[in-house]
Each structure stands twice: as structure tokens, then as C-alpha cells.
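Spelled out from the first residue to the last, the chains are:
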Amino acid sequence: MSRYRTRSWRAFDPGSAAAPERFAPQERLRILGLDPGSRTTGFGVIEWRALQWNHVAHGCVAVPSGGGLAERLHTIFQALSELIAAHSPGEVAIERVFVNRNVDSALKLGQARGAALCAVPKGLPVFEYAPRAVKLALVGSGAAEKPQVAHMVRTLFGLQARLQADAADALAVAVCHAHSRGLRQLAAGSAAAGGGLAR
């Protein structure tokens, strides 16, 4: 008698298992990905459904170099507020601040990120992802370089034109969130089905 409570995989009959609910058609979800920066804030909008995604829009919010800090932050806030109103995303994914040796740069990045988050309306879900997690989801390596991420984004969406690095990163954040969301749904479907092979 087996000491395990689950049946052997050799006894599993795929034809006898009911199709899990996780593969049922789902409504499309529009995801806004953000890559905040004190000088340039990238954004990418995708539509996700049943583990597939389509490109909607991408671009960069250019912050005037001559203005003061308050003016730059207001520019980010205003532009993203208009962007959210125009595309009506269902969820927002944003890159987490990476603190390197330059503390001043990290503080400015944090301020830009705060301005971006303030533009998100109340009740709109926001999800955060570390830069390494985004690179891992897109390229398969957390140490991937920006050109590799941009190349993978262009390949995934079939984009021909050259992508600005910040816009490519923002689309990558959106795809990373779609990946994460899909994995959560798969896990939830497995749990609802009783743990796969477990009886």
C-alpha cells in the first residue's frame, strides 16, 4: 500500500477529468503598466484575456527639464490622470523603486512614483513588481539588460517601430502583471478542482 494519499500518476486518466473552470472564456482586462521616472515616465496599456494579451498603447510622459520639482511632479500627475481617464484600465501595475548607491536618485524616483500613484483613482487596484521580477517574467533572467527587455516586448506584441526604453519597461511591467495574474488563476483553478490528482 502506498504511503502517499494521492493516486499514482500512472492511474490518472485525462479523459475522465472535467475541464477546469480556469479555461473558461473571461472578460478582457485592461492593464496599465507604469515605469516612473523623475525625467521620463513610461506607460504601457495592454488587454489581457485567458493568458493572452494585446497591445493597446504605449508612450512616455516627458517632464520639462527647466521646471522645479513641484512642476515636474504635477506634470506626471496630470498626464497620468488624463491617460487613465482615456483608457479606463481595470488594474495598474507599477515598478517598485530600486535603491542603488545613489540615494538622491532613489529619492527623486520615489517622488515621481508617488506622483504617479496619486493619479490612480480610489478603488483602482495597484500591484507592485520588483525590476528583477519583471525581467524574469519577460526574458527569463532577473539580470537581463534593457535592450533584451525591449526586444522581447517588441516580439511579444509584434511591434515594428523602435521602443523608448521607458515605454518598453512599462509594457514589460504590464505583461509581468498579466503573467502573475494568470498564475494566480491557474493556482485557484487547481485548488477548486481538489488539488489536481489528489482524491
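Here, the structure is the one placed above.
Fair warning: this is a prediction, and the values are worked out from it, not measured in the lab.

Rules behind the numbers
Residues numbered from 1 in each chain as written. Predicted model: local features only at pLDDT ≥ 70, side-chain atom pairs only at ≥ 80, totals over all residues. Heavy atoms only, no water. Helix = DSSP H or I, 4+ residues; strand = E, 2+ residues; numbered from the N terminus. Buried < 20%, exposed > 50% of the residue type's maximum accessible area, 1.4 Å probe, protein only. Contact = heavy atoms within 4.5 Å. Areas by Shrake-Rupley, 256 points an atom, 1.4 Å probe, with all protein chains shown as cover. Core = buried A, V, L, I, M, F, W, Y, C linked by side-chain atoms within 4.5 Å. Pairing = 2+ DSSP bridges. Axes fitted to C-alpha atoms, helices over the stretch in contact; angles between N-to-C directions. Salt bridge = Lys/Arg side-chain N within 4 Å of Asp/Glu carboxyl O.

Draft legend 1. Summary view of the overall build of the chain. Helix and strand counts for the chain come out as five helices and five strands. When the helices and strands of the chain are listed from N to C terminus, the series reads β-β-β-α-β-α-β-α-α-α. Split into buried and exposed, the 199 residues of the chain put 33% on the buried side. Pairs at least 24 apart in sequence give 62% of the contacts found in the chain among residues at least 6 apart. Here the chain has roughly 11,700 Å² of accessible surface; of this, 56% comes from carbon and sulfur atoms.

Draft legend 2. Main features of unusual backbone geometry. A positive phi is found at Ser88, a non-glycine position, where the angle reads about 45 degrees. Mapped onto the secondary structure, Ser88 falls in the loop between α1 (69-87) and β4 (91-95).

Draft legend 3. Structural detail: the nonpolar core. By size, the foremost hydrophobic cluster in this structure holds 23 residues, and its most contacted members are Ile31, Ile46, Trp53, Val153 and Phe157. The leading source of residues in this core is helix α5 (residues 165-192), at eight residues. If we ignore the near neighbours within four places in the chain, the residues touching Trp53 are Ile46, Glu47, Trp48, Leu156, Phe157, Val175, Ala178 and His179. Listed in part, the 19 residues of the second largest apolar core include Ala57, Ile76, Ile84 and Ala115.

Draft legend 4. Highlighting the sheet that holds β4. As summarised here, the arrangement of the five strands in space is β3-β2-β1-β4-β5, forming an open sheet in which the pairing is mixed. The strands lining the two open edges of the sheet, one partner per strand, are β3 (52-62) and β5 (126-129). When strand polarity is set aside, the average angle formed by the axes of neighbouring strands in this sheet is 20 degrees. With four bridges connecting them, β4 and β5 associate as parallel partners. Bridge pairing in β5 places Ala93 opposite Phe127. Docked against the sheet, helix α2 (residues 103-118) engages β1 (29-35), β4 and β5, running at close to 180 degrees with respect to β4.

Draft legend 5. Geometry of the environment of Gly90. If you trace the backbone, Gly90 turns up in the loop between α1 and β4. For Gly90, a relative accessible area of 30% gives the class partly exposed. Between the alpha carbons of Gly90 and Arg30 there is a distance of 5.3 Å; along the sequence they are 60 residues apart. Sequence-distant contacts of Gly90, that is, excluding residues within four places in its chain, are made with Leu29, Arg30, Leu124 and Pro125.

Draft legend 6. Layout of the pattern of salt bridges. This model, assessed by the stated rule, comprises five salt bridges. Among the ionic pairs, Glu91 bridges to Arg181, the shortest N-O distance being 3.1 Å. Residue Glu91 is located in strand β4, and its partner Arg181 is located in helix α5; the two are separated by 90 residues in the primary sequence.

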